[in-house]
Amino acid sequence: MAKIIDGKAISAEIRNEIKQQAAEFESKYGFRPGLAVIIVGDDAASQVYVRNKRRACEEVGFYSEAYELPASTTQEELNALVDKLNASDKIHGILCQLPLPRHLDENEVILRIAPHKDVDAFHPYNVGKIMIGDYSFLPCTPAGVMALLERSGIDVCGKECVVVGRSNIVGKPQAMLLLHKSGTVTVCHSKTKNLSEVCRRADILVAAIGKADFFTGDMVKDGAVVIDVGMNRRPDGKLTGDVDFASVEPKASYITPVPGGVGPMTITMLMQNTLTAAKNSVK
Ligand code: NDP
């Protein structure tokens, strides 16, 4: 029987710490850490994320601004908003919810957000810093995974770590963070041969491919730590991960559930990055 890593509880613990630090920050400097969230168009999932981010800001005592722009917004209008927020003293972190409507260039927005306010850590400057292990901001979802491991007392050093998925926002930075903790890291993707065999080598398996219940018990070594980043909707609307919990849980030593595992950590790490950005602004 695996120990369930309770992402909700760990997230609540970290948010409490952030709240205390934010209060100390405010009493010392007379202003609160501030986050601006931009959303363009009416994608339902994105609207839920934005609402949750605003709520998280309230919970930890941050100042927040939300910009809900119509789908018809032009690149020039979006750029002008980013410029305004880059220059604002009240805002320390800027997040533009992706994906954007097709006529807008995501890369242009990522490049336009000032690196010191890039709390998603998507700007090439911050990506480069992550690569050399000198980071201002940790990418939110992979950082959430690392916090779950650390607070569950799981040491990465010397472990076989297999990350499945190589996206810029999850798989690649995840591999880098595990490497910085001295894991022996293998990154798999859709062209990987003998995926099951590679996964069975893992002491720590991170599943991040976006395919419901893909990883089954026969792909997991006895005693492995299994981290499920996947967030997939079943036809009945229920949220499910990339890991088939029923067959994997009996073999794993630790496992994250979906929901209630990695999910709650992502926004918490965004709050952490915003606090870091505010602290950096007064250095
Ligand atoms: P992407 O679609 O950008 O990347 C998916 C990756 O999985 C790709 O590298 C792809 O390989 C690989 N892949 C797809 N199918 C297979 C397969 N059959 N075997 C091996 N590798 C495969 O997804 P993201 O990285 O953005 O997200 C991954 C999952 O994590 C999604 O479910 C997403 O919803 C979830 N997520 C959860 C977050 C959270 O807060 N919990 C935050 C962000 C994402 P290739 O490169 O070869 O195409």
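Caption draft 1: Quick peek at the overall build of the protein chain. Assigned secondary structure in the protein chain consists of 10 helices and 11 strands. Whereas a compact globule of 283 residues would reach a radius of gyration of roughly 19 Å, the protein chain reaches 19 Å, a difference of no more than 12%. If you line up the protein chain on its principal axes, its C-alpha atoms span 50 × 45 × 35 Å. Burial analysis of the protein chain (283 residues in total) assigns 48% to the buried set.

Caption draft 2: Structural context of the site of the ligand. Residues in close proximity to the ligand total 22 residues, the closest being Arg-166, Ser-167, Ser-190, Lys-211 and Thr-266. Contacts to the ligand include Ser-167, whose side-chain N or O atom sits 2.5 Å from an oxygen atom. Note that a nitrogen atom of the ligand is positioned 3.4 Å from one of the backbone N or O atoms of His-189. Starting from 930 Å² of accessible surface for the ligand in isolation, the protein chains cover 72%.

Caption draft 3: Quick look at the side chain of Arg-15. Take Arg-15: it is sitting in helix α1 (residues 7–29). Side-chain polar atoms of Arg-15 contact the backbone oxygen of Pro-264, separated by 3.5 Å.

Caption draft 4: Highlighting the sheet that holds strand β7 (residues 204–207). Spatial strand order, β1-β11-β8-β7-β5-β6: 6 strands in an open sheet with parallel pairing. The two strands at the open ends of the sheet, each matched to only one other strand, are β1 (3–4) and β6 (184–188). Pairing of strand β8 (residues 225–228) with strand β11 (residues 254–255), which is carried by 2 bridges, proceeds in the parallel orientation. Bridge pairing links Val-225 to Tyr-254 in β11. Strand contacts of helix α7 (residues 171–180): β5 (160–164), β6 and β7, with the helix running at about 170° to β5, the strand carrying the most contacts.

Caption draft 5: Expanded view of helix α3 (residues 75–87). For α3, built from 13 residues, the straight-helix expectation of 18 Å at 1.5 Å per residue is met to within 8% by its first-to-last C-alpha distance of 18 Å. Of all the positions in α3, only Gln-75, Leu-78, Asn-79, Leu-81, Val-82, Leu-85 and Asn-86 are classed as buried. Across the axial projection of α3, the buried residues extend over an arc of 160°, all falling on one side. Opposite the packed face of α3, turned more than 90 degrees from it, sit the exposed residues Glu-76 and Ala-87.

Caption draft 6: Representation of the nonpolar core in the model. The biggest cluster of nonpolar side chains holds 48 residues, and the ones touching the most others in it are Phe-62, Leu-149, Leu-178, Ile-227, Val-229 and Met-271. Ignoring any residue separated from it by four or fewer positions in sequence, one finds Ile-227 in contact with Ile-5, Val-145, Leu-149, Leu-205, Val-206, Ala-207, Thr-256 and Val-262. Residues Val-162, Phe-215, Ala-224 and Val-243 belong to the second largest nonpolar core, which totals 19 residues.

Caption draft 7: Inspection of the packing of helix α6 (residues 140–151) against α7 at higher detail. Put simply, α6 and α7 touch, their axes get as near as 8 Å, and they point 35° apart. Seen from above, α6 lies across α7 with right-handed handedness. Along the contact surface, α6 presents Thr-141, Pro-142, Ala-143, Val-145, Met-146 and Leu-149, while α7 presents Pro-173, Gln-174, Leu-177 and Leu-178. Residues that form the contact of α6 with α7 fall into these classes: 8 nonpolar, 2 polar and no charged.

Caption draft 8: Structural view of a negative patch on the surface. On the surface, Glu-76, Glu-77, Asp-105 and Glu-108 cluster together to form a negatively charged patch. Checked against the element boundaries, Glu-108 lands in helix α4 (residues 106–112).

What counts, and where the lines are drawn
- Residues numbered from 1 in each chain as written.
- Predicted model: local features only at pLDDT ≥ 70, side-chain atom pairs only at ≥ 80, totals over all residues.
- Heavy atoms only, no water.
- Helix = DSSP H or I, 4+ residues; strand = E, 2+ residues; numbered from the N terminus.
- Rg over C-alpha atoms; globule rule 2.2 N^0.38 Å.
- Buried < 20%, exposed > 50% of the residue type's maximum accessible area, 1.4 Å probe, protein only.
- Near = heavy atom within 4 Å.
- Polar contact = N/O pair within 3.5 Å; in protein donor to acceptor, adjacent residues only side chain to side chain.
- Areas by Shrake-Rupley, 256 points an atom, 1.4 Å probe, with all protein chains shown as cover.
- Pairing = 2+ DSSP bridges.
- Contact = heavy atoms within 4.5 Å.
- Axes fitted to C-alpha atoms, helices over the stretch in contact; angles between N-to-C directions.
- Expected span 1.5 Å × (residues − 1).
- Arc of directions from axis to C-beta.
- Core = buried A, V, L, I, M, F, W, Y, C linked by side-chain atoms within 4.5 Å.
- Left-handed = near helix turned anticlockwise from the far one by under 90°.
- Nonpolar A, V, L, I, M, F, W, Y, C, P; charged D, E, K, R; others polar.
- Patch = residues over 30% accessible without salt bridge, like charges linked within 9 Å, V, L, I, M, F, W, Y side chains within 5 Å.
- Salt bridge = Lys/Arg side-chain N within 4 Å of Asp/Glu carboxyl O.
- Lys, Arg positive; Asp, Glu negative; His and termini not counted.
- Charge placed at Lys NZ, Arg CZ, Asp CG, Glu CD.

By themselves, these figures tell us nothing about what the structure is for.
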